[in-house]
Amino acid sequence: MKDKKIFSKLNVFALIVTVSFIVSAAVICVKGISAMKYYVITPQKDVFSDFFDPIEKNAASNWKIDSYPPFICGVYRIISFVLPDGMIKSEDIKDSIYGIVLYSLHLLLFAVPLSILIAKYFKNTGLTACFTALLVISGPFIAAADRGNCVVYALLFTLIFFIYRDSDDHTVSELSLLSLAVAANIKIYPAIFILLIMKK
């Protein structure tokens, strides 16, 4: 019964994402490429801004916590240490080879663990590729990639929590709680899942 419920939820997710993707593709085909502005960030200067702007803010000498939790601000500050001296402007970083490498690593460090987690959850069945494809073409994922938003890491650590929280191995179960804490220190939204722990 549990598996049927899980697959029922997955079917609903698959249906929503597939229909949304078809509608979006149809709108773009009818209205032309200009319709892409409804699905990605415009103007061009704002592309990847959620990744490069925090590096600029947290690399400054007058470092201060702003809209992000302190933990992720610290991560952005550490990232800034690999940049050449004087390169702290968001636009300069984005247009440099350093920016290309950093953003490529950003996607790689998210995509590889995510693929492993999905394969683990579906036990390497055919659903692994299907679910991964659906996730990649979903609107929120495209928006997060377009902005370079760190919410993808919050998603990653939240998934770790959900996959391993009921593990028979006590250590693994405890580490899943730590994973949720990390997620909540990247973006505050996952903190709502603390209610699941309290209920348990």
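Residues numbered from 1 in each chain as written. Predicted model: local features only at pLDDT ≥ 70, side-chain atom pairs only at ≥ 80, totals over all residues. Heavy atoms only, no water.

## Some words on the packing of aromatic side chains
The test is simple: Each pair of aromatic rings taken from Phe, Tyr and Trp, with Trp reduced to its six-membered ring, is defined by centres within 6.5 Å and is described as stacked if the planes are under 30 degrees apart, edge-to-face if over 60, and tilted in the remaining cases. A run of DSSP states H or I qualifies as a helix once it reaches four residues; a run of E qualifies as a strand once it reaches two. Both are numbered from the N-terminal end. Burial classes: relative accessible area under 20% of the type maximum marks a residue as buried, over 50% as exposed, and values in between as partly exposed (1.4 Å probe, protein chains only).
Within the structure shown, the criterion is met by eight aromatic pairs. Where Phe51 meets Tyr76, the ring centres are 6.4 Å apart and the plane angle is 70°; that geometry is what we call edge-to-face. Of this pair, Phe51 sits in helix H2 (residues 49-59) while Tyr76 sits in helix H3 (residues 70-80), placing them 25 residues apart in sequence. Just as Phe51 is buried, Tyr76 falls in that class too. Ring centres 6.3 Å apart and planes at 80° place the aromatic pair Phe110 and Tyr153 in the edge-to-face group. A residue pair is termed long-range when its members are at least 10 positions apart, and Phe110 in helix H5 (residues 97-122) and Tyr153 in helix H8 (residues 151-164) qualify at 43 residues. Like Tyr153, Phe110 is buried. What links up through ring pairs into an aromatic cluster is the set Phe48, Phe51, Phe52, Tyr76 and Tyr103.

## Notes on helix H7 (residues 139-147)
Buried residues of H7: Phe141, Ala144 and Asp146, and no others. In the stretch just after H7, Gly148 is the one whose phi turns positive, near 75°.

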